[in-house]
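Here is what each chain is made of, one letter per residue.
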Amino acid sequence: SETVATCVVEVSDDSSPPPFLSSRVDAEFVLRSCVHASPDKADRVQIIDARSRDQFLGRVSRSLRAGHIPKARSVPYKDLLAPPESHPKTELSYRVMKSKEALEKTLREAGVSVDGATMPLTCVYCNGGVASTVIIFVLNQLFGMQTTNYDGSWNDWGVREDLPVSVAKEEE
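Calculation rules
- Residues numbered from 1 in each chain as written.
- Predicted model: local features only at pLDDT ≥ 70, side-chain atom pairs only at ≥ 80, totals over all residues.
- Heavy atoms only, no water.
- Salt bridge = Lys/Arg side-chain N within 4 Å of Asp/Glu carboxyl O.
- Helix = DSSP H or I, 4+ residues; strand = E, 2+ residues; numbered from the N terminus.
- Buried < 20%, exposed > 50% of the residue type's maximum accessible area, 1.4 Å probe, protein only.
- Pairing = 2+ DSSP bridges.
- Axes fitted to C-alpha atoms, helices over the stretch in contact; angles between N-to-C directions.
- Parallel < 35°, antiparallel > 145°, perpendicular 65-115°, else oblique.
- Left-handed = near helix turned anticlockwise from the far one by under 90°.
- Contact = heavy atoms within 4.5 Å.
- Phe/Tyr/Trp six-rings, centres within 6.5 Å; stacked < 30°, edge-to-face > 60°.
- Lys NZ or Arg CZ within 6 Å of the ring centre and 35° of its normal.

### Focus: the pattern of salt bridges
Stage number 1. By the definition in use, this model includes six salt bridges.
Stage number 2. Residue Arg 160 is joined to Glu 28 by a salt bridge in which the shortest nitrogen-to-oxygen separation is 2.7 Å. Here Arg 160, found in the segment after helix H5 (153-157), pairs with Glu 28, found in helix H1 (residues 27-35); they are 132 residues apart in sequence, far enough to count as distant.
Stage number 3. The class of Glu 28 is partly exposed, set by a relative accessible area of 37%.
Stage number 4. In this structure, Glu 109 and Lys 105 form a salt bridge, with 3.0 Å as the shortest nitrogen-oxygen distance. Highlighted residues: Glu 109 and Lys 105, both in helix H3 (residues 100-109), separated by four residues, approximately one helical turn. The same class applies to Glu 109 as to Lys 105, namely exposed.
Stage number 5. A cluster of three or more residues bridged by salt bridges with shared partners is formed by Glu 28, Arg 160 and Asp 162.

Shown next as structure tokens:
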């Protein structure tokens, strides 16, 4: 049998960050707090897309629409992993996380802030809210940042015509 945990997050109308170090949010929270953040908060929130670069750019789609959430930065979760290694006994391939210094370099090169004091809210998404947890883990555990996991991720955003999409832009 499988155990499922549910976390309920109350979000105030002022779009302040959820009260947990990491929490699950829905499309309306991402739209209100990140995409349409008020001018005084726009530089204090960031969106990270953990999907492949091709999905981010709209070259490949696993949904009805291609592209990414406006203002998102592309950080494919696999970019946070070291090259594959072969286990000495089983010869099976595996990957481990890069060093903290290499992780910080990868994130900064993608335009992602790792400073929780200046960037109090980071929304992370992927296709279904699973791959994004790699980035969330790194930001929480290594940099102490507050993050949100957009639970529906692109599986939700990509099918909703009422939500904006950016396509084929290298940088925003």
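### Quick word on the pairing of strand E6 (residues 121-125)
Remember that side chains alternate between the two faces of the sheet whenever the strand is regular.
Stage number 1. In terms of burial, E6 is a largely internal element, five of the five residues being buried.
Stage number 2. Burial along E6 is two-sided: Leu 121, Cys 123 and Tyr 125 and Thr 122 and Val 124, pointing in opposite directions, are all buried.
Stage number 3. Pairing geometry for strand E2 (residues 45-49) and E6, over five bridges, is parallel. Across the sheet, the residue bridging to Val 45 is Leu 121, located in E6.
Stage number 4. By the bridge criterion, three bridges tie E6 to strand E7 (residues 147-150) in an arrangement that is parallel. Residue pairing across strands places Cys 123 opposite Thr 148, the latter belonging to E7.

### Some thoughts on the packing of H3 against helix H4 (residues 132-143)
Stage number 1. Their axes nearest at 12 Å, the elements H3 and H4 cross at an angle of 125°. Put simply, H3 runs oblique to H4. Every pair of crossing elements has a handedness; the one defined by H3 and H4 is left-handed. Side by side, H3 and H4 meet where Lys 100, Leu 103, Glu 104 and Leu 107 of the first sit next to Val 138, Leu 139, Leu 142 and Phe 143 of the second.

### Some details on the packing of aromatic side chains
Stage number 1. In total, this model carries two aromatic pairs according to the counting rule given.
Stage number 2. Between Tyr 125 and Trp 154 the ring centres are 6.3 Å apart and the planes differ by 25°, which places this aromatic pair in the stacked class. Of this pair, Tyr 125 sits in strand E6 while Trp 154 sits in helix H5; the two residues are 29 residues apart in sequence, bridging distant segments of the chain.
Stage number 3. Look at Tyr 125 and you get buried, because its relative accessible area is 1%.
Stage number 4. Taking relative accessible area as the criterion, Trp 154 reaches 1% and is therefore assigned buried.
Stage number 5. Between Tyr 150 and Trp 157, the aromatic rings sit 6.0 Å apart at their centres with planes inclined by 80°, giving edge-to-face as the arrangement. Of the two residues, Tyr 150 and Trp 157, both sit in the buried class.
Stage number 6. Just above the ring of Trp 154 sits the side chain of Arg 51; from NZ or CZ to the centre is 4.5 Å.

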